[in-house]
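# Reading the structure
The residues making up each chain are set out below.
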Amino acid sequence: MSSSPYAKELLVAQLAVQRAALLTKRVFHEKTKGTVSKDDASPVTIGDFGAQALIISALRANFPSDEIVAEEESSTLRTNPTLRDQIWALVRVTALSDPSAEALLGGAIPSADAMLDFIAEGNSAGGSRGRIWAIDPIDGTKGFLRGGQYAVCLALMVDGDVKVGVLGCPNLPIDDAAPLTADIGANQTDDEGRGVIFSAVIDQGATSRPLGAGALSDQSKPISMKPLASTEDLAAASVCESVEAAHSDQSSAGQIARKLGITRPSVRMDSQAKYGSIARGAGDIYLRLRTSKTYQEKIWDHAAGDLIVREAGGQVTDTTGSRLDFSVGRTLANNQGVIAAPKAVHGQVIRAVQEVLGL
Ligand SMILES: Nc1ncnc2c1ncn2[C@@H]1O[C@H](COP(=O)(O)O)[C@@H](O)[C@H]1OP(=O)(O)O
Ligand SMILES: [Mg+2]
Ligand SMILES: [Mg+2]
Ligand SMILES: [Mg+2]
């Protein structure tokens, strides 16, 4: 193993994300996905819980004293043995089908109860001190359920700063040069040519590699944002935004694009696949404009993507132009929305955002 900073964290994170992504793919092909509604009416499936259990067990085997902020909690499973057992069966069969990374990932989870305990360990309050991992086991659960884009997301923060970010995107093309496709309508789950892991380590650049099983042979390729520099470049840019109108103000995004001279319709896709897509130059700009004054973005929805885009030559801020602040807990309480774009044009994009939003 190379001795560059965070080499072990990167390797463990990639293997854990890969294994969790295999689990989610398995769930997609099952008839019962165990979908239940959470208190906020958003869906969660056996895939979300199972992926979170696998990632936390891998982190615990390697970094026992790190803190973990993860999206899902285990309390509903403790009173729902049927759901718990479905997840347990899935976790076991996935680990068996991915044997070659066993040594690094710490061996099998011993029991269903131990699995629930792992899921529950993602309850850190976050903050500005020490090593904290952020996990979104399935980001874009709605996209996942409809066969569109979703991402398995893992990031390490140290003293509030993201140092390592990994995104597993099972339904994106492996080919970094493949054009963007909108999420709705197309079945994007055929295995052929799809499945990619984006990674970044602070000051070491960003990469992509195919998502597979087991050991990671060296197939990482450096990725970079498209080098937009001029107003003409901007006019040909493509904008990525959420599928869900409730997650981002699509009408303001349309006005911003027009102000920048952009003529192409925006590409709507679920999840942090948007960050990965612009980081490899398949898209150019990610706009996320808040729709409510009360919703606070969650750190697990942005930490990995933020680093991957910045390491690929992009700039990521909120609509006021401030960097995303991962140091204040489980949410981005200090930020409003997200604007990600190639460095050279980010200022121009922010000006258009502020004119349209009246900031
Ligand atoms: N009102 C909201 N504004 C912005 N993001 C939201 C909102 N409600 C939920 N989300 C989160 O947006 C993420 C998906 O983003 P995208 O639209 O880019 O695919 C999900 O993690 C989802 O969280 P949750 O898991 O709680 O549903
Ligand atoms: Mg969710
Ligand atoms: Mg999410
Ligand atoms: Mg999620």
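Residues numbered from 1 in each chain as written. Chains lettered and ligands numbered in written order. Predicted model: local features only at pLDDT ≥ 70, side-chain atom pairs only at ≥ 80, totals over all residues. Heavy atoms only, no water.

### Some details on the coordination of the magnesium ion (ligand 4)
Put simply, the rule reads: Note on donors: an N, O or S atom is included if it sits within 2.8 Å of the metal, or within 3.2 Å for Na, K and Ca, and water is never included, so sites can look incomplete. Working definition: helices are DSSP H or I runs of at least four residues, strands are E runs of at least two. Numbering for both runs from the N terminus. Only protein chains enter the accessibility calculation, which uses a 1.4 Å probe; a residue is then buried when its area is under 20% of its type maximum, exposed when over 50%, and partly exposed in between.
Surrounding the magnesium ion (ligand 4) are the protein donor atoms E71 (OE), D136 (OD) and I138 (O), which sit 2.0 to 2.2 Å from the metal. Mapped onto the polypeptide sequence, the residues donating to the magnesium ion (ligand 4) form the spacing pattern E-x64-D-x1-I. Taken as an interatomic distance, the gap from the magnesium ion (ligand 4) to the magnesium ion (ligand 2) is 3.4 Å; E71 donates to each of them. In this pair, E71 sits in the loop between β3 (67-70) and α3 (75-78) while I138 sits in strand β4 (residues 131-139), placing the two residues 67 residues apart along the sequence. Owing to a relative accessible area of 23%, E71 belongs among the partly exposed residues under this scheme. Since its relative accessible area comes to 1%, I138 is described here as buried.

### Some thoughts on the site of ligand 1
Heads up, the condition is: For each residue, the test is whether any non-hydrogen atom lies within 4 Å of the molecule or strand; if one does, the residue is near. Polar contact criterion, stated in full: a pair of N or O atoms within 3.5 Å, where within protein one must be able to donate a hydrogen and the other to accept it, and residues adjacent in sequence count only if both atoms are side-chain atoms. Accessibility throughout is a Shrake-Rupley quantity obtained with a 1.4 Å probe, and a residue counts as covered only by protein chains that appear here. Think of a 1 Å grid over just the protein atoms. A cavity is a set of points where a 1.4 Å probe fits yet cannot get out, a pocket is an open set with protein on both sides within 12 Å along at least five of seven lines, and lining residues have an atom within 4 Å of a point. Cavity and pocket membership follows a simple rule, namely that a molecule belongs there if more than half of its atoms are within 2 Å of the grid points. Annotation comment: domain bounds sourced from an automatic or database domain assignment.
Taken together, 14 residues form the shell around ligand 1, and within it S242, H247, S271, K274 and R288 come nearest. Between an oxygen atom of ligand 1 and a side-chain N or O atom of E71, the distance comes to 2.8 Å. Surface burial for ligand 1 is 86%, taken as the share of its 560 Å² of free accessible area covered by protein chains. Applying the majority rule of atoms within 2 Å of the grid points places ligand 1 in the largest pocket. When we break the shell around ligand 1 down by domain, the ones giving at least three residues each are domain 1 (7-223) and domain 2 (231-357).

### Observations regarding the nonpolar core
Selection rule: Take the buried Ala, Val, Leu, Ile, Met, Phe, Trp, Tyr and Cys residues and link them wherever side-chain atoms come within 4.5 Å; each set so joined is a nonpolar core. The contact criterion used is simple: two residues touch if any of their non-hydrogen atoms lie within 4.5 Å.
Counting residues in each nonpolar core, the largest one holds 54 residues, and the members touching the most others are V91 and M115. With 11 residues, helix α1 (residues 7-28) is the single largest residue contributor to this core. Those residues in contact with M115 that sit more than four places away from it in its chain are A53, R84, I87, W88, V91 and I109.

### Some details on the domain arrangement of the protein chain
Size of an interface, as often reported, equals the accessible area lost when the parts are brought together. This is how the line gets drawn: As used here, buried area is the combined drop in accessible area, with a 1.4 Å probe, of two parts when they are placed together. Any carboxyl oxygen of Asp or Glu that lies within 4 Å of a side-chain nitrogen of Lys or Arg is treated as forming a salt bridge with it.
Taken domain by domain, the protein chain comprises domain 1 (7-223) and domain 2 (231-357). Using C-alpha coordinates to define each centre, domain 1 is positioned 23 Å away from domain 2. Taken together, the contact pairs 56 residues of domain 1 with 34 residues of domain 2. Interface area, domain 1 with domain 2, both sides summed: about 3100 Å², of which 64% is carbon and sulfur. Counting the surface domain 1 buries against domain 2, the share from its top three residues, V162, L167 and L180, is 19%. In this structure, the salt-bridge partner of R146 is D270, at a minimum N-O distance of 2.5 Å.

### Some words on the side chain of T141
Within the fold, T141 resides in helix α7 (residues 141-145). Exposure remark for T141: the relative accessible area of 10% places this residue in the buried category. Among all residues touching T141, those that are not within four sequence positions of it are P43, T45 and D48.

### A look at the sheet that holds strand β9 (residues 221-223)
Note on sheets: strands pair through backbone hydrogen bonds, and any given pair is parallel or antiparallel. Here is the rule: Two strands qualify as a pair provided DSSP detects at least 2 bridges between them. Between N-to-C directions, angles span 0 to 180 degrees; the directions come from axes that are lines fitted to C-alpha atoms, helices contributing only their stretch in contact.
Read from one edge of the open sheet, 7 strands run β3-β4-β5-β6-β7-β8-β9, paired in mixed fashion. The two strands at the open ends of the sheet, each matched to only one other strand, are β3 and β9. For this sheet, the mean inter-axis angle between neighbouring strands, taken without regard to orientation, is 20°. The sheet contact formed by strand β5 (residues 151-158) and strand β6 (residues 161-173) spans 7 bridges and is antiparallel. Each residue of the ladder has a partner; that of C153, found in β6, is L167. Of the strands in this sheet, β3, β4 and β5 touch helix α2 (residues 46-62), which is tilted by about 155° from β4.

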